[in-house]
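What the coordinates show
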Amino acid sequence: MNKDYYQILGVSRSASQDEIKKAYRKLAHKHHPDKGGDEKKFKEISEAYQILSNQEKKAQYDQFGGTFEGAQGFGGQPGWDFSSWGRANEGFDFEFGDLGDIGDLFEDMFGFGGSRKERDPKRGKDIEIGIEIPLEEVLKGKEREIILNKLNTCSRCQGSGAEPGTSVKECFSCRGTGQVQQIKRTAFGSFTRVGVCPECQGEGYKPEKPCNVCKGEGRLKTKETIKIYIPAGADTNQVIKVEGKGEAGRRGGKPGDLYVRIYVREHSHFKRKADDLYLSVPISLSQAALGDDIEVATLEGTNILLTVPSGTESGKVLRISGRGIPHFSGYGRGNLYMTLVIKTPKKLNKKQKELFEQLKKEGM
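Residues numbered from 1 in each chain as written. Predicted model: local features only at pLDDT ≥ 70, side-chain atom pairs only at ≥ 80, totals over all residues. Heavy atoms only, no water.

1. Some thoughts on the sheet that holds strand β9 (residues 239-242)
- Taken together, the three strands give an open sheet; going across it, the order is β2-β10-β9, and neighbouring strands pair in mixed fashion. Of all strands in the sheet, those bounded by a partner on one side alone are β2 (127-133) and β9. Adjacent strand axes in the sheet meet at a mean angle of 25°, parallel and antiparallel pairs treated alike.
- Of the strand pairs in this sheet, β2 and strand β10 (residues 258-264) are connected by seven bridges, and their pairing is parallel. Bridge pairing in β10 places E128 opposite Y259. (Pairing = 2+ DSSP bridges. Helix = DSSP H or I, 4+ residues; strand = E, 2+ residues; numbered from the N terminus. Axes fitted to C-alpha atoms, helices over the stretch in contact; angles between N-to-C directions.)

Structure below.
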């Protein structure tokens, strides 16, 4: 489909190069994806500037219109300069999305392709850490402090990367786009490979004078104390996301996020299964036979009164509702299951032996 590049940039056909450049910068600044603009519109503006900013390509476009590229053919006729690395916005991006399997072949042959989803090169990296907590701590939400040695915003330049009192300027190599491209000519036609600008590392801007402390990075590796809230009911391998507490972005870029993976330490007495707790409670032979009221310690550290029914067999399970782990949703708790285990005495004193002898004679 033919495109009117003059209309896209909002300039007349008699516009000078300065007028074309000013129009492009104004529109690129307005529609840049990093500033919340429309990515499709930004690419359309960049494509128009690719052609109209180059005198030779502009002349061909004025002569042939939107189909001028086809006038070159595949036979090596005079046309564009396809030599080595050029600045961004001086050629077409050739996309393989509509070519099916042959597109994959081109990508393998020429090293083109890759993910088309652009990532902010200035954004800081995400960090994942693990925290071990005792089982008791999951009963109530708790705030913890951790110390991380990570890249943080430089306090001298406030993350800009520029020495205080100096400015940040547009990168000369990529004209503020953050990309440069290599144009290749093959028997199949002309192909453009877009890469990150090595001069500005894909940012499009460079400090006039780099910060003396961070050397232009806008960040330094320092220690930071971070508060993390672990909600009640947390379980092993659950991950808590703390936005903006990953590594600081480069030169004022958006920081990464911190992901905290929880590991709940096993308890010496209580066993956890989902949100239920399980506890083995030893009782004597006489308590099992006659029944009794005994005190049992809970995970909270308090005692509850447990009634052992007479004639209890070893392995009997008693349930106490709502004394397990709080549900992660914040509503209700699991149950506490107590398994009664009859403890057989290994040593008996003289009186105990006599009593058991009498019981034995009674058939017990």
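2. Quick word on the sheet that holds strand β15 (residues 317-320)
- Taken in spatial order, the four strands line up as β11-β12-β16-β15 in an open sheet, and their pairing is mixed. Each edge of the sheet is formed by a strand with only one pairing partner; in this case those strands are β11 (271-273) and β15. With strand direction ignored, the average angle separating the axes of adjacent strands in the sheet is 30°.
- Pairing analysis gives seven bridges linking strand β12 (residues 276-283) to strand β16 (residues 336-342), with the strands arranged parallel. Pairing of Y278 across the sheet is with Y337, part of β16.

3. Quick look at helix α7 (residues 350-361)
- For α7, which comprises 12 residues, the first-to-last C-alpha distance of 17 Å matches the rise-based estimate of 16 Å (1.5 Å per residue) to within 8%.
- Two or three places before K351, at the start of α7, stands the capping residue N349, its side-chain oxygen 3.3 Å from that residue's backbone nitrogen.
- In the segment just after α7, G363 is the residue with positive phi, at about 85°. (Expected span 1.5 Å × (residues − 1). Polar contact = N/O pair within 3.5 Å; in protein donor to acceptor, adjacent residues only side chain to side chain.)

4. Examining the pairing of strand β13 (residues 292-297)
- Pairing of β13 with strand β14 (residues 303-308) involves six bridges; the strand directions are antiparallel. Bridging from a neighbouring strand, D293 pairs with T307 of β14.
- Between β13 and β14, which pair antiparallel one after the other, the connecting turn spans five residues, and G301 there sits at a positive phi close to 100°.

5. Focus on the state of the cysteines
- Summed over the entire model, instances satisfying the criterion amount to zero disulfides.
- Unpaired in this structure, C171 has its nearest cysteine sulfur neighbour in C174, at a distance of 3.8 Å.
- There is no disulfide at C211, and the cysteine sulfur nearest it, in C214, is 3.7 Å away.
- On the basis of relative accessible area, C211 is assigned to the buried category, the value being 2%. (Disulfide = S-S within 2.5 Å. Buried < 20%, exposed > 50% of the residue type's maximum accessible area, 1.4 Å probe, protein only.)

6. A look at the confidence of the model for the protein chain
- Per-residue pLDDT for the protein chain has a mean of 81; in total, 82% of the residues score no lower than 70.
- Counting interchain partners and residues more than four positions distant, the pLDDT-below-50 stretch residues 69-118 has 100 contacts. (pLDDT = per-residue confidence, 0-100. Contact = heavy atoms within 4.5 Å.)

7. A word on the packing of helix α2 (residues 17-31) against helix α3 (residues 39-52)
- At their nearest, the axes of α2 and α3 sit 9 Å apart, and the two run at 165° to each other. On the basis of the axis angle, α2 is roughly antiparallel to α3. The interaxial crossing formed by α2 with α3 has left-handed handedness. Judged by residue contacts, Q17, I20, K21, Y24, L27, A28 and H31 of α2 engage K41, F42, I45, S46, Y49 and L52 from α3.
- Grouping the amino acids of the contact of α2 with α3 by side-chain chemistry returns eight nonpolar, three polar and two charged. (Parallel < 35°, antiparallel > 145°, perpendicular 65-115°, else oblique. Left-handed = near helix turned anticlockwise from the far one by under 90°. Nonpolar A, V, L, I, M, F, W, Y, C, P; charged D, E, K, R; others polar.)

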